[in-house]
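Read off the chains here:
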Amino acid sequence: MPSHVSGAHGAVKLGEVYVTGSADLAQRARARGWTVVKLDEVTRALWRKKGALDLDATFRRDWDTALASFNTLGDAVPELKAVLSEQAERRSYAQFVSGLHLTTDEDREAVPCLHWDGVLYLDQAQLEALSHRERLRLILTEATAAGWLKCSLEEALEKVADAALEERRRAVAAGTNLAERLLLAVADNLDALRAALGEAACRALADEASPGQVAALALDMLGPAVLQESNIRAAMAAADLRPPSRWGTDEARAFVLSLGFPEIFAQSQSRRLEAELLIAGPFSLPDLHEYQVDVSRSLKDLIDSGSGRRRAVVSLPTGGGKTRVTVQTSVELILKPAGARRVVLWVAQTNELCEQAVQSFRQVWQNLGTEGESLRVIRFWGGHGNPAEPANAEPTVVVASIQTLNSRFDGPALAWLARPGLVVVDECHHAITPSYTSLLRWLDAETLHSSAPPKDEPPLVGLSATPFRMDDESRRLARRFDECQYPRNQEGLTERLLAGGFLAHADYQALETDTTISADLLADLDSLWDGNDGARFDGVLERVNQELAANDARNARLIETLQATDAQQILFFTNSVRHAEEMAARPCLLGIPAAAVSGETPATARRWFLNRFKDGALRVLCNHSVLATGFDAPSTDLVLIARQVKSPVSYMQMVGRGLRGPRNGGTETCTILTVLDNLGRFRERHPFHYCRNLYRRA
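In this text, all values refer to a predicted model and were calculated from it rather than measured experimentally. (Residues numbered from 1 in each chain as written. Predicted model: local features only at pLDDT ≥ 70, side-chain atom pairs only at ≥ 80, totals over all residues. Heavy atoms only, no water.)

Caption draft 1: Representation of the overall build of the chain within the structure. Of regular secondary structure, the chain possesses 28 helices and 27 strands. In terms of overall dimensions, the chain has a C-alpha envelope of 105 × 65 × 50 Å along the principal axes. Intrachain contacts of the chain at a sequence separation of at least 6 include 71% that bridge at least 24 residues. Summed over all atoms, the accessible surface of the chain reaches about 31,100 Å², with 48% contributed by carbon and sulfur. Averaging the coordinates of the 78 positive side-chain charges in the chain and doing the same for the 90 negative ones gives two points 4 Å apart. (Helix = DSSP H or I, 4+ residues; strand = E, 2+ residues; numbered from the N terminus. Contact = heavy atoms within 4.5 Å. Areas by Shrake-Rupley, 256 points an atom, 1.4 Å probe, with all protein chains shown as cover. Lys, Arg positive; Asp, Glu negative; His and termini not counted. Charge placed at Lys NZ, Arg CZ, Asp CG, Glu CD.)

Caption draft 2: View of unusual backbone geometry. Between Tyr486 and Pro487 the backbone carries a cis peptide bond, its omega angle lying at -5°. Of note, Asp188 is a non-glycine position whose phi angle comes to about 60°, a positive value. As for its placement among the helices and strands, Asp188 is situated in the loop between helix 9 (178-185) and helix 10 (190-203). Even without being glycine, Glu427 reaches a positive phi, approximately 50°. Here Glu427 shows up in the loop between strand 19 (422-425) and helix 18 (434-442).

Caption draft 3: Here's a closer look at the environment of Thr494. Within the fold, Thr494 resides in helix 20 (residues 493-499). Once the C-alpha coordinates of Thr494 and Val327 are considered, the two residues, 167 residues apart in sequence, prove to be 22 Å apart.

Caption draft 4: The arrangement of helix 8 (residues 153-173) in detail. Between its first and last C-alpha, helix 8 extends 30 Å over 21 residues, near the 30 Å set by a 1.5 Å rise per residue. At Leu165, helix 8 shows its largest bend, some 25°. (Expected span 1.5 Å × (residues − 1). Bend = angle between axes of the 7 residues up to and from the residue.)

Caption draft 5: Layout of a nonpolar patch on the surface. A surface patch of nonpolar side chains, about 320 Å² in accessible area, is lined by Met1, Val42 and Leu46. Tracing the chain through its elements places Leu46 in helix 2 (residues 41-49). Relative accessible area serves as the criterion here: at 45%, Leu46 is assigned to the partly exposed category. (Patch = residues over 30% accessible without salt bridge, like charges linked within 9 Å, V, L, I, M, F, W, Y side chains within 5 Å. Salt bridge = Lys/Arg side-chain N within 4 Å of Asp/Glu carboxyl O. Buried < 20%, exposed > 50% of the residue type's maximum accessible area, 1.4 Å probe, protein only.)

Caption draft 6: Examining the pairing of strand 12 (residues 113-116) more closely. Where burial is concerned, the two faces of strand 12 agree: the one with Cys113 and His115 and the one with Leu114 and Trp116 are both buried. Across four bridges, the pairing between strand 12 and strand 13 (residues 119-123) is antiparallel. Bridge pairing in strand 13 places Trp116 opposite Val119. Count of turn residues in the strand 12/strand 13 antiparallel hairpin: two residues, of which Asp117 carries a positive phi of about 50°. (Pairing = 2+ DSSP bridges.)

Caption draft 7: Focus on the pattern of salt bridges. By the definition in use, this model includes 27 salt bridges. Lys81 serves as the salt-bridge partner of Asp75, at 3.7 Å between the closest nitrogen and oxygen. Under the relative-accessibility criterion, Lys81 is labelled partly exposed at 42%.

Caption draft 8: Looking closely at the sheet that holds strand 5 (residues 53-54). Judged by pairing direction, the sheet is parallel, and its three strands sit side by side in the order 4-3-5 without closing on themselves. Among the strands making up the open sheet, the edge pair consists of strand 4 (36-38) and strand 5. Along the sheet face, helix 2 touches strand 3 (18-20), strand 4 and strand 5 and points at about 160° away from the line of strand 3. (Axes fitted to C-alpha atoms, helices over the stretch in contact; angles between N-to-C directions.)

So, in structure tokens, the structure goes:
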């Protein structure tokens, strides 16, 4: 028998040590700074004889109401029968009570369960407020102290939890639809669902929204990412459904299927596309249109003209097939012929533009590629590693984001890529920025001094939906590409493509509102319009968009517009990312299938939403700016533009999503509905007026 016991602050005399058989009491006493030893009943008696203090006598247990008579623990909590010893199955007494608490001379403390004098008291209300696993742990901890288990605490916990897990998951899967299953999965935790939706989407919910409506909206807004959202995942863990530690695994697939959700809900939302593709072919492909053939011939003449500086811009209206004609020309002139430079470097600004190029190369090579030879297509964006140099002069396309290229220039691993057979810059109005200047320097294609000898630089082709104009930005762009653009005759090009059915006829309409902004912000907008401080103006315009996004009356007008239109596929450019979420949530609650995508949307969910829109399952697709380029939905018949922009190029990028004509797989007409708010002179200078007049002349 020790005379002292080691405590938190050194040795403690036996007369100052408390002994107990209750793990719960011991934990509570230690939290008060007391020295406690948990012992079996016989040993406790010996220690008390030598002067140790009886913790059970220091605390006093009590309750407000007895809810049931004494019973065995196995009958009170049937799921524990499998872990009780044979003797405990007959003599493990338990009683349900309410208001269970412990008191000392100083205070009173509520406790969920407590083993005391051979009886396990269970406070039903306190236990039900805990997660299933925590509830089991507390009860089993007390049962362990009582000596009622036939195995260790951890073994008992896992055995009981495993037995109940399948039943809990089956209960979720029994829900009649996905919304009901989601609600069951989070154990009716509406706070978790609302947190997952975010403030913007919750603004669309009425205060009296039913739990089913909240769950349905969470599915609409988050799509297949819903089970992986942190708040929902935490709620499922609290309900002891044991969500997987990693998504995109066999464990995740088994989990979502056991809950009755489609397999796509198990895919990792951060999953990257494969870094490389091997594409075999060919089979039939529609011929290029006559105007595209003209562009292709001009590109051939440019590429074949020598080995020095060769630059041009392919300038076709959005929907006119710039990507297709450039991809096909690069296949025919660079990738198919034998040679040392069977490499095309395709550079773009966004992931969507990059993937659009990848899919175009896939389609063209399958149809026009060299028979029996595969094309190597490399995705070089979104965190993919540096690609290896081609072996045996295999035809290779590297589709790269400008951001990834700029971050990898310095290393030697990409030296081979600095000598491609062709460089293509998509959406080349960005090509006057410093990042593209760095690209040209890396390609050894920066501007030459007049006295310098010509260089053997790769041909450089830009793609643009807007021809060179007389503004400063266009003049700089024209100089970068030697003022050469194809088709050479841009005069009347849009009219010809409209008449031929290659472009949709755009019906430009204005949705005029009385919405205005704060006087100070309006003054800043007006004063900076003609200035040279573009960064400051962009900042002011962003604040304008944020203020407009929060205007309830304006938002109500936008929703009324969506309700009133007969359009079946609506691409909605909103004022902010949060505005997109709210504008998608409101139609969903009105029975109009809608979704929002942004740079924050997980990759798998984003592709899922885009495909559902293209397939017609979604009627409204809201976004801030992510779909202004690189997104192809030919059946779009209404483009609603609430976002305020100054640049005609930025405006036309949004407009262009609806301009694919019937001969290019699109529609005869598309309505372009632009919101014109009461923003002083900005209202009359909005690029809507310029572009509407341009196409009216067409």
